[in-house]
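# Fold and geometry: a report
So the chains spell out like this:
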Amino acid sequence: MKETSKALPRRLHLPEFATRYFVGQGLDIGAGTDPIAQYGEAFPAIKAVRAWDAADGDAQYLTGLADAGFDFVHAAYVLQRMADPREALRHWFRVLKPGGHLILLVPDEDMYEQGFWPSRYNHDNRWTFTVFKTKSWCPVSLNLIEVVQALGAAADIRRMEVLGGGYRHGLPRFDQTLTPVAESAIELVIRKRPQTETVAGGRINPDGQLTPADVYVLTGLRVEHPKA
């Protein structure tokens, strides 16, 4: 099934995708026949999307793309096919502008591979993923939290969810992504912190003081500044 398309109904109910993540100039790695650009009407803040497929070169290195060239980078079911997922993420992060977002879908190892390796359902898969386990049945399992840590202090995880809502654990083993409802995946959104934020160790609101009118608009409370 087309996983970008399958994710659309869920993403439409999450305002951040339209207002923060899919915004500006984007790169869609492994877009193929299911590009995010086809849903520009759903994400109107997208200005343009460049698709990167096999004809463009190795998706692990993105050779020829300048640093900090894109407001967002999207990759659905691609990372598990890379020779070195950590190196791939480093380059995908490299081409992202500070303040931009890296949006990933990767197969969850338990829901997709279901205890068998090599993969029974996609022979191009080289790795499996979990959010975090201290032990996995798979010899090439990667914990996403540990993989993201390798990106360093600029990596700001904004969203990480195991997408099991349409998955049926009581069925015999088969590839449930072939159904219209099961994503069998993990969705990960990483924001690239600007340098000032990275140095500060977090995203901190600026100094300043709200007027009583501002407070009332924001909270509905009437306050007065203390008299001198």
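Residues numbered from 1 in each chain as written. Predicted model: local features only at pLDDT ≥ 70, side-chain atom pairs only at ≥ 80, totals over all residues. Heavy atoms only, no water.

### Brief notes about the packing of aromatic side chains
Applying the stated criterion across every chain, the model contains 6 aromatic pairs. Consider the rings of phenylalanine 17 and phenylalanine 22, whose centres lie 5.9 Å apart with planes at 35 degrees: the pair is tilted. Relative accessible area serves as the criterion here: at 0%, phenylalanine 22 is assigned to the buried category. An aromatic cluster of three or more residues is present, and its members are Phe17, Tyr21, Phe22, Phe43 and Phe72. (Phe/Tyr/Trp six-rings, centres within 6.5 Å; stacked < 30°, edge-to-face > 60°. Buried < 20%, exposed > 50% of the residue type's maximum accessible area, 1.4 Å probe, protein only.)

### Some words on the sheet that holds strand E8 (residues 185-192)
Read across the open sheet, the 6 strands follow the order E2-E1-E3-E4-E8-E7; overall the sheet is mixed. Looking at the sheet topology across the chains shown, the edges are occupied by strand E2 (46-52) and strand E7 (155-163). Each strand axis lies, on average, 15 degrees off the axis of its neighbour in the sheet, ignoring direction. One ladder, built from 4 bridges, connects strand E1 (residues 24-29) with strand E3 (residues 70-76); its direction is parallel. Bridge pairing links isoleucine 29 to alanine 75 in E3. Here helix H1 (residues 3-12) sits on the sheet in contact with E3, strand E4 (96-107), E7 and E8, set at roughly 110 degrees to E4. (Pairing = 2+ DSSP bridges. Helix = DSSP H or I, 4+ residues; strand = E, 2+ residues; numbered from the N terminus. Axes fitted to C-alpha atoms, helices over the stretch in contact; angles between N-to-C directions. Contact = heavy atoms within 4.5 Å.)

### Here we look at H1
A large share of H1 lies buried, amounting to 7 of its 10 residues. Residues of H1 that are buried include every one of Glu3, Thr4, Lys6, Ala7, Leu8, Arg10 and Arg11, and no others. The inward-facing, buried residues of H1 abut helix H2 (15-21), E3, E4, E7 and E8.

### A look at the side chain of threonine 177
Tracing the backbone shows threonine 177 in the loop between E7 and E8. In terms of polar contacts, threonine 177 uses its side chain to reach the side chain of aspartate 175, at 2.5 Å. (Polar contact = N/O pair within 3.5 Å; in protein donor to acceptor, adjacent residues only side chain to side chain.)

### A few points about the nonpolar core
Among the nonpolar cores identified, the biggest contains 32 residues, and Leu27, Ile29, Val73, Trp92 and Leu102 are the most heavily contacted of them. Of all the elements in the fold, those that place two or more residues in this core are E1, E3, helix H3 (85-94), E4, helix H5 (144-149) and E8. Ignoring anything within four residues of it in the chain, the contact list for leucine 27 reads Val49, Arg50, Trp52, Leu62, Leu65, Phe70, Phe72, Val73, His74 and Val95. Core analysis: the next-biggest nonpolar cluster, separate from the first, contains 11 residues, Phe17, Tyr21, Phe72 and Ile103 among them. (Core = buried A, V, L, I, M, F, W, Y, C linked by side-chain atoms within 4.5 Å.)

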